[in-house]
Amino acid sequence: QVQVVESGGGLVQAGGSLRLSCAASGRTFSNYAMAWFRQAPGKEREFVAAISWSGGNIYYADSVKGRFTISRDNAKNTMYLQMNSLKPEDTAVYYCAADHSFGAVIAGSGYWGQGTQVTVSS
């Protein structure tokens, strides 16, 4: 019912900033919780941040708290991840996910995008 497509990845220097976007299609976007995950080469996929359908509930992984900001604009069917003070350890493919509940999307279920590469150089 929901299709999501990530964009905005690229190469940035350590300490720099980048904003990722997740464009969604489908009529149920505003009723889905959404989240960002990332996966680095040779590592397991890890949770980054999640946001409820209304934007009222937000949860961040400890590794990004204070540096990343998740937001969404349901009128534009878009979710964002503002990434500041980037570190080389943030290098990964970043994925957008959407599911029917906050807990479910944090667990990694639901609809997934194709991913966008973020590379942070030293």
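Structure shown above.
In this convention, every chain numbers its residues from 1, walking through the sequence in written order. Where totals are concerned, whole chains, interfaces and linings use all residues; where local detail is concerned, this predicted model gives features only for residues with pLDDT of at least 70, and gives and counts side-chain atom pairs only at 80 or more. Remark: hydrogens and water are excluded; side-chain values derive from all non-hydrogen atoms of the structure.

Draft legend 1. Highlighting the packing of aromatic side chains. Two rings from Phe, Tyr or Trp (for Trp, the six-membered ring) form a pair when their centres sit within 6.5 Å of each other. Planes less than 30 degrees apart are called stacked, planes more than 60 degrees apart edge-to-face, and all others tilted. For the coordinates displayed, the defined rule picks out 5 aromatic pairs. Measuring from ring centre to ring centre gives 5.6 Å for Phe47 and Tyr59, while their planes differ by 20°; the resulting arrangement is stacked. Separated by 12 residues along the polypeptide, Phe47 in strand β5 (residues 46-51) and Tyr59 in strand β6 (residues 58-60) bring together distant segments of the chain. The buried label applies to any residue whose accessible area, calculated with a 1.4 Å probe on protein chains only, is under 20% of its type's maximum; exposed applies above 50%, and partly exposed to all values in between. By relative accessible area, Phe47 is classed as buried at 15%. With a centroid separation of 6.1 Å and 65° between ring planes, the pair formed by Tyr95 and Trp112 is classed as edge-to-face. Highlighted residues: Tyr95 in strand β9 (residues 92-99) and Trp112 in strand β10 (residues 111-112), separated in sequence by 17 residues. The class of Trp112 is partly exposed, set by a relative accessible area of 27%. An aromatic cluster of three or more residues is present, and its members are Phe37, Phe47, Tyr59, Tyr95 and Trp112. A positively charged side chain is recorded as over a ring if its NZ (Lys) or CZ (Arg) lies within 6 Å of the ring centre. The angle to the ring normal must also be within 35 degrees. Its guanidinium or amino end placed over the ring of Phe37, Arg45 lies 5.4 Å from that ring's centre, counting from NZ or CZ. Helical segments are the DSSP runs of H or I of at least four residues, strand segments are the runs of E of at least two, and each set is numbered from the N terminus.

Draft legend 2. Molecular detail of the side chain of Arg72. Relative to the helices and strands, Arg72 is located in strand β7 (residues 68-73). With no salt bridge to any partner, buried Arg72 finds its closest opposite charge in Asp73, at an N-O distance of 8.4 Å. Definition of a polar contact: a pair of N or O atoms within 3.5 Å, with one able to donate and the other able to accept a hydrogen when the atoms are protein atoms, and with sequence-neighbouring residues admitted only if both atoms are side-chain atoms. Among the polar contacts listed, one links the side chain of Arg72 to the side chain of Asn74, at a separation of 2.8 Å. The charge count includes Lys and Arg as positive and Asp and Glu as negative, but it does not include His or the ends of the chains. Criterion for a salt bridge: a side-chain nitrogen of Lys or Arg within 4 Å of a carboxyl oxygen of Asp or Glu.

Draft legend 3. The nonpolar core, seen in detail. Counting residues in hydrophobic clusters, the biggest one holds 36 residues, and the most contacted among them are Trp36, Leu81 and Tyr94. Contacts of Tyr94, omitting those with residues within four sequence positions, involve Glu6, Leu20, Trp36, Phe37, Arg38, Val48, Phe68, Leu81, Met83, Gly115, Thr116 and Val118. We call a set of buried Ala, Val, Leu, Ile, Met, Phe, Trp, Tyr and Cys residues a nonpolar core when their side-chain atoms join them within 4.5 Å. Here, residues are in contact when the closest pair of their heavy atoms is within 4.5 Å.

Function cannot be inferred from these measures alone, as they are strictly geometric.
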